[in-house]
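Observations on the three-dimensional arrangement
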Amino acid sequence: MDPKLIDILRCPQDRSRLKLASAETIAKINRAIDAGAAVNLAGERLARPLDAGLIRDAGDRLYPVIDQIPVMLADEAIELSAIK
């Protein structure tokens, strides 16, 4: 993702800055998606693997990037503590 875009985007819930998730974090979430164990804040099971993700400053929520498009809707965020 373009660093300039990441610098502009903010968490829709608390307006904090975002950082690009590590490849390890994305791989962990994608394993949970494959296992049917990943849900978003709306409680919907995730079906598509993530290309990337943006984590808010608190480090607790990730906004998915799918087809190189950041999904910046609060209900689409993934609670990282719920991913095993």
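Residues numbered from 1 in each chain as written. Predicted model: local features only at pLDDT ≥ 70, side-chain atom pairs only at ≥ 80, totals over all residues. Heavy atoms only, no water.

1. Here's the deal with a nonpolar patch on the surface
On the surface, Met 1, Leu 5 and Leu 20 cluster together into a nonpolar patch covering about 220 Å² of accessible area. Along the chain, Leu 20 falls in strand β1 (residues 18–20). (Patch = residues over 30% accessible without salt bridge, like charges linked within 9 Å, V, L, I, M, F, W, Y side chains within 5 Å. Areas by Shrake-Rupley, 256 points an atom, 1.4 Å probe, with all protein chains shown as cover. Salt bridge = Lys/Arg side-chain N within 4 Å of Asp/Glu carboxyl O. Helix = DSSP H or I, 4+ residues; strand = E, 2+ residues; numbered from the N terminus.)

2. Considerations on helix α2 (residues 23–34)
The first and last C-alpha atoms of α2 sit 16 Å apart over twelve residues, in line with the 16 Å expected at 1.5 Å per residue. Within the span of α2, buried status applies to Ile 26, Ile 29, Asn 30, Ala 32 and Ile 33. End-on view of α2: buried residues confined to an arc of 155°, all on one side of the axis. In α2, the exposed residues that point more than 90 degrees away from the buried face are Ala 23, Glu 24, Arg 31 and Asp 34. Buried residues along α2 sit in contact with β2 (52–56), β3 (61–66) and β5 (78–79). Phi for Gly 36, located one or two positions after α2, is positive at around 75°. (Expected span 1.5 Å × (residues − 1). Buried < 20%, exposed > 50% of the residue type's maximum accessible area, 1.4 Å probe, protein only. Arc of directions from axis to C-beta. Contact = heavy atoms within 4.5 Å.)

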